[in-house]
Amino acid sequence: MAQHSSFLEVAWLLIRGELPSQEELDGFRDEVTYHTMLHEDYGRFIGALPKNAHPMPVSAAAVGALATFYQEPETAEHVQRSIVRLIAKMPTIAAQSFKHSIGQPAIYPRNDLPYCSNFLHMMFATPCEEFEVDPVVARAVDLLLILHADHEQNCSTSTVRMVGSSMANLFASISSGISALWGELHGGANQRVIEMLEQIRTEEGSADVFLQKAKDRGDTTRLMGFGHRVYKNYDPRAAILKKECRTIIERLGGSSELLDIAMRLEEIALGDSYFIERNLYPNVDFYSGVIFKAIGFPTNMFTVLFTLGRLPGWIAQWCEMRADPSFRIARPRQVYTGATKRSYPKKR
Ligand code: ACO
């Protein structure tokens with residue numbers, strides 16, 4: 001699908017379970033396009049948050065706030081509309097929170113642009129001059145979103161299901177998923193990978209030193225972007241992204257220094273018994289940040305880009321759970337192994 005599909009086509013497949021016909025895809029694109037605008041009051045909502053806020057909690061808050069703008073009963077028809085609204089408005093929310101953080105005016109969506117080009121335009125255009133979206137860059141973002149679209153019961157997806165299982169609405173459930181994704185052991189790893197590569201770049205020759213620390217059990221440092229609970233071999237998404245890194249850097253004419261460091265780290269790690277014995281390989285986050293960085297996304301937006309990609313997966317999982325006839329509220333059991341009877345402190 002990374003090779004042959006568009007992100008919206010993948011979104012339809014995940015949510016509906018079948019690939020769309022051309023007519024269905026065109027209809028879906030049109031619907032998404034016409035729901036990209038945010039309620040004008042969003043400007044005030046996002047504007048009230050601190051400028052230096054990380055865009056992940058801003059996105060989580062803004063998606064949660066959709067539930068306040070669209071207080072409709074949860075009929076099948078309204079759920080379908082909420083799905084379209086989420087997919088349509090998420091890029092606008094992401095771009096608007098970025099613009100707020102740098103003190104620039106929000107850029108309205110443009111209905112003449114495809115999904116990813118529209119997002120790039122809202123991110124990087126200003127009202128002062130024309131901004132042309134490079135179609136190669138737009139395709140790279142589309143590819144990145146496809147590769148992030150779903151990955152079964154990871155931390156954020158399970159969170160979406162858990163919250164949705166109480167009959168919380170779709171916006172509230174997705175907002176919780178965004179919060180879960182933010183953590184550095186999950187989606188937040190893509191930001192941490194670039195910070196790690198930049199640290200290694202400034203401290204010359206430190207790739208080996210860094211790996212020593214990552215291997216030291218007394219040290220909490222980890223090789224970010226490596227390891228996965230499910231993949232005990234090379235993450236196929238990382239393989240596609242590694243190839244795409246070179247194409248994008250060559251296209252944009254940027255420095256390949258961070259990519260070179262990442263490849264060097266991978267080479268050393270894959271030949272090291274510590275990583276071999278534990279089946280630790282690059283995951284999706286290891287190379288994605290290099291591409292985001294080359295395109296010009298600020299580092300703290302990387303996990304928001306992951307959010308854009310994961311959205312259809314979360315939605316599909318939420319819908320699947322709700323449609324299951326044996327659906328019940330999630331309720332993990334807990335076995336208490338602590339102390340039993342305790343007395344109040346004496347002077348009470
Ligand atoms: N660097 C160094 N050592 C590692 C790493 C790493 N990146 N990942 C795992 N290990 C080691 C652990 O220390 C442990 O060693 P031990 O057996 O000597 O105690 C062993 O490998 C197993 O690790 P666990 O933490 O038990 O593996 P788990 O499946 O719980 O964790 C996780 C998976 C969280 C992804 C982990 O590999 C990690 O922290 N990676 C770095 C963060 C990262 O890249 N996260 C993104 C994952 S992909 C995603 O969520 C989109």
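As a reminder, the structure under discussion sits directly above these lines.
Residues numbered from 1 in each chain as written. Predicted model: local features only at pLDDT ≥ 70, side-chain atom pairs only at ≥ 80, totals over all residues. Heavy atoms only, no water.

Focus: the overall build of the chain
Piece 1. Counting secondary structure elements, the chain contains 16 helices and 0 strands.
Piece 2. Taken against the 2.2 N^0.38 rule, which gives 20 Å for 348 residues, the C-alpha radius of gyration of the chain at 22 Å falls within 12% of a compact globule.
Piece 3. With respect to the three principal axes, the spread of C-alpha positions in the chain is 70 × 55 × 45 Å.
Piece 4. Sorting the 348 residues of the chain into buried and exposed places 50% on the buried side.
Piece 5. Summed over all atoms, the accessible surface of the chain reaches about 17,800 Å², with 52% contributed by carbon and sulfur. (Helix = DSSP H or I, 4+ residues; strand = E, 2+ residues; numbered from the N terminus. Rg over C-alpha atoms; globule rule 2.2 N^0.38 Å. Buried < 20%, exposed > 50% of the residue type's maximum accessible area, 1.4 Å probe, protein only. Areas by Shrake-Rupley, 256 points an atom, 1.4 Å probe, with all protein chains shown as cover.)

Considerations on the site of the ligand
Piece 1. Close to the ligand lie 20 residues; His 186, Arg 222, Leu 223, Arg 229 and Tyr 274 are nearest.
Piece 2. Between the ligand and the protein, one listed contact pairs a nitrogen atom with a side-chain N or O atom of Tyr 274 at 2.8 Å.
Piece 3. A distance of 3.0 Å is found between an oxygen atom of the ligand and a side-chain nitrogen or oxygen belonging to Arg 278.
Piece 4. For the ligand, whose unbound accessible area comes to 920 Å², protein coverage reaches 78%. (Near = heavy atom within 4 Å. Polar contact = N/O pair within 3.5 Å; in protein donor to acceptor, adjacent residues only side chain to side chain.)

Some details on the pattern of salt bridges
Piece 1. For the coordinates displayed, the defined rule picks out 18 salt bridges.
Piece 2. We note a salt bridge from Glu 198 to Lys 293, for which the minimum N-O separation is 2.9 Å. Note that Glu 198 is positioned in helix 10 (residues 189–202) and Lys 293 in helix 15 (residues 284–295), a separation of 95 residues in sequence.
Piece 3. By relative accessible area, Lys 293 is classed as partly exposed at 33%.
Piece 4. The partner of Lys 242 in a salt bridge is Glu 266, and the shortest N-O contact between them spans 3.3 Å. (Salt bridge = Lys/Arg side-chain N within 4 Å of Asp/Glu carboxyl O.)

Re the side chain of Ser 117
Piece 1. Relative to the elements of secondary structure, Ser 117 occurs in helix 6 (residues 115–124).
Piece 2. In contact with Ser 117, other than residues within four places in its own chain, are Val 133 and Ala 138. (Contact = heavy atoms within 4.5 Å.)

Considering helix 16 (residues 302–323)
Piece 1. For helix 16, with 22 residues, the first-to-last C-alpha span of 32 Å sits near the 32 Å given by 1.5 Å per residue.
Piece 2. The buried fraction of helix 16 amounts to 20 of the 22 residues, a majority that puts the element mostly inside the structure. (Expected span 1.5 Å × (residues − 1).)

Some thoughts on helix 2 (residues 22–33)
Piece 1. Between its terminal C-alpha atoms helix 2 stretches 16 Å, which fits the 16 Å expected from 12 residues at 1.5 Å a residue.
Piece 2. Buried within helix 2 are the following residues: Leu 25, Phe 28, Val 32 and Thr 33. Buried residues of helix 2 fall within an arc of 135° about the axis and therefore sit on the same side.
Piece 3. On the buried face of helix 2, the contacting elements are helix 1 (7–16), helix 5 (76–102) and helix 6. (Arc of directions from axis to C-beta.)

Side note on unusual backbone geometry
Piece 1. Of note in this structure, Glu 152 is not a glycine but carries a positive phi near 40°.
Piece 2. Within the secondary structure, Glu 152 sits in the loop between helix 7 (135–147) and helix 8 (155–164).
Piece 3. Classification of Glu 152 as partly exposed rests on a relative accessible area of 43%.
Piece 4. Phi is positive for Asn 279, which is not a glycine, with a value near 50°.
Piece 5. Mapped onto the fold, Asn 279 is located in the loop between helix 14 (273–277) and helix 15.
Piece 6. Among the residues examined, Asn 279 registers a relative accessible area of 32% and is labelled partly exposed.

Let's talk about the packing of aromatic side chains
Piece 1. One pass over the full model with this rule turns up 15 aromatic pairs.
Piece 2. Where Trp 12 meets Phe 28, the ring centres are 5.5 Å apart and the plane angle is 70°; that geometry is what we call edge-to-face. Placement of Trp 12 in helix 1 and of Phe 28 in helix 2 is noted, with a sequence separation of 16 residues between them.
Piece 3. In this structure Trp 12 comes out as buried when scored by relative accessible area, which is 9%.
Piece 4. Owing to a relative accessible area of 7%, Phe 28 belongs among the buried residues under this scheme.
Piece 5. Relative to Phe 286, the ring of Phe 226 has its centre 5.1 Å away and its plane inclined at 85°; by these criteria the two rings are edge-to-face. Remark: Phe 286 occurs in helix 15 and Phe 226 occurs in the loop between helix 11 (206–215) and helix 12 (236–252); sequence separation between them is 60 residues. Accessibility classification places Phe 226 together with Phe 286 in one group, the buried group.
Piece 6. One aromatic cluster is present, built from ring pairs that chain together Phe 119, Phe 124, Phe 131, Phe 292, Phe 297 and Phe 302.
Piece 7. Stacked on the ring of Trp 12, the Lys or Arg Arg 16 has its end atom at 4.1 Å from the ring centre. (Phe/Tyr/Trp six-rings, centres within 6.5 Å; stacked < 30°, edge-to-face > 60°. Lys NZ or Arg CZ within 6 Å of the ring centre and 35° of its normal.)

Focus on the state of the cysteines
Piece 1. Counting across every chain of the model gives 0 disulfides.
Piece 2. Of all cysteine sulfurs in the structure, the one in Cys 116 sits closest to Cys 245, which takes part in no disulfide; the separation is 17 Å. (Disulfide = S-S within 2.5 Å.)

A word on the packing of helix 8 against helix 9 (residues 170–182)
When two helices pack together, their arrangement is given by the angle between the helix axes and the distance between those axes.
Piece 1. Across the interface, helix 8 lies against helix 9 with an axial gap of 8 Å and an inter-helix angle of 150°. On the basis of their axis angle, the class for helix 8 and helix 9 is roughly antiparallel. The two elements helix 8 and helix 9 cross, and the hand of that crossing is right-handed. Counted together, Cys 155, Ser 156, Thr 159, Val 160, Val 163 and Gly 164 of helix 8 and Ala 172, Ser 173, Ile 174, Ser 176, Gly 177, Ala 180 and Leu 181 of helix 9 form the full contact between these two elements.
Piece 2. Split by residue class, the contact of helix 8 with helix 9 holds 7 nonpolar, 6 polar and no charged. (Axes fitted to C-alpha atoms, helices over the stretch in contact; angles between N-to-C directions. Parallel < 35°, antiparallel > 145°, perpendicular 65-115°, else oblique. Left-handed = near helix turned anticlockwise from the far one by under 90°. Nonpolar A, V, L, I, M, F, W, Y, C, P; charged D, E, K, R; others polar.)

Everything listed here is a matter of coordinates, which is why it stays silent on function.
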